[in-house]
Amino acid sequence: MAARHRRRTVTAVLAAVAVLAAVGASSGCDAVNKAIDCVQTADAIADSVTDLQQAVENAANDPTQAGASLDSIERNLDKIGDKTDNVDVNKAVDDLRKAVGNVRDAVENGDKTPDVGPVTDAAGELTKVCTS
């Protein structure tokens, strides 16, 4: 299932980059660069979400991996937040940050199998707003 989600994310990212490249001729380069940065960072977040899902599945072997994946997602969220003033993107970033915080709290409270579904959903929404 993670591979299917990843494939959809990559397809959406590639489509968005193609559209942005075509739009680049008619709009300011700065706006296009910001949008491309958003898409690239959303793709990096998708990778981190996949890593988080795997880390949760393998928590018995290495419980530190979930924390590392959450840290990676948060670093990427900071990058998007610093580069955009788009209301929809900022809301998606905030929603994803909240979902990551909930998983982090669950892990810190000893939950060996926290529900990462809300993180996956929020990352999908972020990808959607970055590509629309």
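Our subject is the structure listed above.
Residues numbered from 1 in each chain as written. Predicted model: local features only at pLDDT ≥ 70, side-chain atom pairs only at ≥ 80, totals over all residues. Heavy atoms only, no water.

### Remarks on the packing of helix H3 (residues 64-83) against helix H4 (residues 87-108)
1) Next: Where H3 contacts H4, the two axes come as close as 10 Å, and the packing angle between them is 160°. Classed by the angle they form, the pair H3 and H4 counts as roughly antiparallel. Crossing geometry of H3 relative to H4 is assigned as left-handed. Contact with H3, carried on its side by Ala66, Gly67, Leu70, Asp71, Ile73, Glu74, Leu77, Asp78, Ile80 and Gly81, involves Val89, Asn90, Val93, Leu96, Arg97, Val100, Val103, Arg104 and Val107 of H4 and no other residues of that element.
2) Next: Among the residues making up the contact of H3 with H4, the classes are represented as eleven nonpolar, three polar and five charged. (Axes fitted to C-alpha atoms, helices over the stretch in contact; angles between N-to-C directions. Helix = DSSP H or I, 4+ residues; strand = E, 2+ residues; numbered from the N terminus. Parallel < 35°, antiparallel > 145°, perpendicular 65-115°, else oblique. Left-handed = near helix turned anticlockwise from the far one by under 90°. Contact = heavy atoms within 4.5 Å. Nonpolar A, V, L, I, M, F, W, Y, C, P; charged D, E, K, R; others polar.)

### Considering the nonpolar core
1) Next: By size, the foremost hydrophobic cluster in this structure holds 27 residues, and its most contacted members are Ile45, Leu52, Ile73, Leu96, Val119 and Leu126.
2) Next: Secondary structure elements with two or more residues in this core: helix H2 (29-57), H3, H4 and helix H5 (117-130).
3) Next: With eight residues, H2 is the largest single contributor of residues to this core.
4) Next: Other than its neighbours up to four places away in sequence, Ile45 contacts Ile73, Asn76, Leu77, Ile80, Leu96, Ala123 and Leu126. (Core = buried A, V, L, I, M, F, W, Y, C linked by side-chain atoms within 4.5 Å. Buried < 20%, exposed > 50% of the residue type's maximum accessible area, 1.4 Å probe, protein only.)

### Focus: the pattern of salt bridges
1) Next: A full pass over the atoms with the stated rule returns five salt bridges.
2) Next: With a shortest N-O distance of 3.2 Å, Asp78 and Arg97 are connected by a salt bridge. Of this pair, Asp78 sits in helix H3 while Arg97 sits in helix H4; the two residues are 19 residues apart in sequence, bridging distant segments of the chain.
3) Next: Looking at Asp78, the relative accessible area reads 39%, which means it is partly exposed.
4) Next: Overall, the relative accessible area of 31% leaves Arg97 in the partly exposed class.
5) Next: For Lys128, the salt bridge identified is with Glu125, shortest N-O distance 3.7 Å. Separated by three residues within a single helix, Lys128 and Glu125 lie in helix H5, roughly one turn from each other.
6) Next: On the basis of relative accessible area, Lys128 is assigned to the exposed category, the value being 52%.
7) Next: For Glu125, a relative accessible area of 33% gives the class partly exposed.
8) Next: Several salt bridges converge on common partners, so that one network encompasses Asp71, Glu74 and Arg104. (Salt bridge = Lys/Arg side-chain N within 4 Å of Asp/Glu carboxyl O.)

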